[in-house]
Amino acid sequence: MITATIVIICILTVLLILIVLIQNSKGGGLAGEFGGLGSNQLMGVKKTTDLLEQITWGLGIGVMVLSLASYIMVDRNQAGGINSVNVDRAQTQTLPGSAAPTPSPAAGAAPSQAVPGAATPGASTSALTPQK
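Residues numbered from 1 in each chain as written. Predicted model: local features only at pLDDT ≥ 70, side-chain atom pairs only at ≥ 80, totals over all residues. Heavy atoms only, no water.

## Quick word on the nonpolar core
1) Next: Ranked by size, the top nonpolar core spans 6 residues in total: Ile9, Leu12, Ile19, Leu52, Leu59 and Val63.
2) Next: Every element with two or more residues in this core is listed here: helix H1 (2-22) and helix H3 (45-73).
3) Next: Aside from chain neighbours lying at most four places away, what touches Ile19 is Leu52, Ile55, Thr56 and Leu59. (Core = buried A, V, L, I, M, F, W, Y, C linked by side-chain atoms within 4.5 Å. Buried < 20%, exposed > 50% of the residue type's maximum accessible area, 1.4 Å probe, protein only. Helix = DSSP H or I, 4+ residues; strand = E, 2+ residues; numbered from the N terminus. Contact = heavy atoms within 4.5 Å.)

Here is the structure:
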């Protein structure tokens, strides 16, 4: 339902933009496009500006009402929060150098031999500093 409301708001917004672009700030507008300044026009200048002004007001009010309605329709009590793969990955991933326990060397290995992938104390894991 909210998606349909948003689509209708987008359509009304595009129509509002087109209606505003049709209007001429000097009062000519759509009536001047039909050519001739005589009284046998399709619509008179006064009636054209009245019609375009009423359409503009109607579309503007429609966009505002539908925007407020969409705000009311949105469920603000969602337990899930933001559903994103990146957010889930960030919540489950541990930071390097955090308090996570590092694997200890094997019982038979010499103390000078480090376990592959284990960080040495004091080693920088920042992407900004070069590795040695």
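Next comes the rest of the write-up.
## Structural notes on the environment of Leu15
1) Next: Structurally, Leu15 is set in helix H1.
2) Next: Residue Leu15 is classed as partly exposed on the basis of its relative accessible area of 39%.
3) Next: When the C-alpha positions of Leu15 and Gly60 are compared, they lie 9.9 Å apart, and in sequence the two are 45 residues distant.

## Here we look at a nonpolar patch on the surface
1) Next: A cluster of nonpolar side chains, namely Val7, Ile11, Val14, Leu15, Ile17, Leu18 and Leu21, defines an oily patch on the protein surface of about 650 Å² accessible area.
2) Next: Under the relative-accessibility criterion, Ile17 is labelled partly exposed at 48%. (Patch = residues over 30% accessible without salt bridge, like charges linked within 9 Å, V, L, I, M, F, W, Y side chains within 5 Å. Areas by Shrake-Rupley, 256 points an atom, 1.4 Å probe, with all protein chains shown as cover. Salt bridge = Lys/Arg side-chain N within 4 Å of Asp/Glu carboxyl O.)

## Some remarks on the confidence of the model for the protein chain
1) Next: Mean pLDDT over the protein chain stands at 73; residues scoring 70 or higher make up 52%.
2) Next: Taken element by element, the protein chain is modelled with least confidence in helix H2 (residues 29-33), mean pLDDT 57, and with most confidence in H1, mean pLDDT 93. (pLDDT = per-residue confidence, 0-100.)

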